[in-house]
Amino acid sequence: MIPEIDVRSLSAKKQYEGTLAFDFEPEDGSLEIPFVSFSSPVHAELRYEILEDGTVEVRGTVTFSLKGACSRCLEDAEQTFTGEVDALFEEGEGDGETYGYHRVIKLSELMHDSLLFALPSRLLCKACIDQEE
Ligand SMILES: [Zn+2]
């Protein structure tokens, strides 16, 4: 489950920063490498900070593993990848660079975007990774 950040009630409690760690299932169709699938849920580790003007910074990482056929030699392969999460949420509408929110930040869109951004274009087995180095 992807949690929400309840900015209004956190601000009321003067709790302006915190961390979140959770797992979520990637959306179907987010992966476009042939014969490759996610081998576990995506793990997110996030830190948020609520700024004085209501803007909220969310930073952290998403980690996930892929398994399937190596994109070069078709042997079995499994690799773990980590992507960066770095976003600003503004009260109201986002402006394209930032995300918008109303009282509560829904992290689903950010998690989906961060995952898409972190997805590799191919999966390699150990032998092929060694060959490339
Ligand atoms: Zn290979």
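A few points on the structure. Source: prediction; values computed, not measured.

### Side note on the coordination of the zinc ion
Bound to the zinc ion on the protein side are Cys-70 (SG), Cys-73 (SG), Cys-125 (SG) and Cys-128 (SG), at distances that span 2.3 Å. Its four donor atoms give the zinc ion angles of 106 to 116° at the centre, a pattern that matches the tetrahedral case. Note on Cys-73: relative accessible area 35%, which makes it partly exposed. For Cys-128, a relative accessible area of 5% corresponds to the buried category.

### A few points about the environment of Asp-53
Mapped onto the elements of the fold, Asp-53 is located in the loop between strand E4 (42-50) and strand E5 (56-69). Take Asp-53: its relative accessible area is 58%, and that puts it in the exposed class. Side-chain polar atoms of Asp-53 contact the side chain of Thr-55, separated by 2.9 Å.

### Details of the pairing of strand E6 (residues 76-91)
The pairing of E5 with E6 spans 14 bridges and is antiparallel. Of the residues in E6, the one forming a bridge with Ala-69 is Asp-76.

Calculation notes
- Residues numbered from 1 in each chain as written.
- Predicted model: local features only at pLDDT ≥ 70, side-chain atom pairs only at ≥ 80, totals over all residues.
- Heavy atoms only, no water.
- Donors = N, O, S within 2.8 Å, 3.2 Å for Na, K, Ca; no water.
- Tetrahedral: all angles 85-135°; square planar, octahedral: opposite > 155°, others 65-115°.
- Buried < 20%, exposed > 50% of the residue type's maximum accessible area, 1.4 Å probe, protein only.
- Helix = DSSP H or I, 4+ residues; strand = E, 2+ residues; numbered from the N terminus.
- Polar contact = N/O pair within 3.5 Å; in protein donor to acceptor, adjacent residues only side chain to side chain.
- Pairing = 2+ DSSP bridges.

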